[in-house]
Amino acid sequence: MGVTAKLALYAVGLVVVFVAAFGVGTLVGPVLPDQTGGSTESVEYPAPAEQDHADDGVDH
């Protein structure tokens, strides 16, 4: 078998593997966390009690 045929078979094999992995991922889907209650926590902003500034009512 020539080098070109080997590379072509290798490329086709990679495409088959990635398409199969994508198909399985699509079927399974993302695993979402269970939400208990109506409130959600954000990891982007700290809670008001945990912020690093003093809220003394004075504009600076």
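So, how was this worked out
Residues numbered from 1 in each chain as written. Predicted model: local features only at pLDDT ≥ 70, side-chain atom pairs only at ≥ 80, totals over all residues. Heavy atoms only, no water. Helix = DSSP H or I, 4+ residues; strand = E, 2+ residues; numbered from the N terminus. Areas by Shrake-Rupley, 256 points an atom, 1.4 Å probe, with all protein chains shown as cover. Expected span 1.5 Å × (residues − 1). Patch = residues over 30% accessible without salt bridge, like charges linked within 9 Å, V, L, I, M, F, W, Y side chains within 5 Å. Salt bridge = Lys/Arg side-chain N within 4 Å of Asp/Glu carboxyl O.

Q: Mind laying out the overall build of the protein chain, listing which residues take part and the relevant values?
A: The helix and strand inventory of the protein chain stands at one helix and zero strands. Accessible surface computed for the protein chain: about 6,100 Å², of which carbon and sulfur atoms make up 64%.

Q: If you had to explain helix 1 (residues 3-28) to someone new, which residues and values would you point to?
A: End to end, helix 1 covers 38 Å across 26 residues, agreeing with the expected 38 Å (1.5 Å per residue, within 8%). In the stretch just after helix 1, G29 is the one whose phi turns positive, near 80°.

Q: Can you lay out a nonpolar patch on the surface for me, pointing to particular residues and giving the numbers?
A: A grouping of Y10, L14 and F18 is seen on the molecular surface, where their side chains present a nonpolar patch of about 360 Å² in accessible area. By the secondary structure assignment, L14 is in helix 1.

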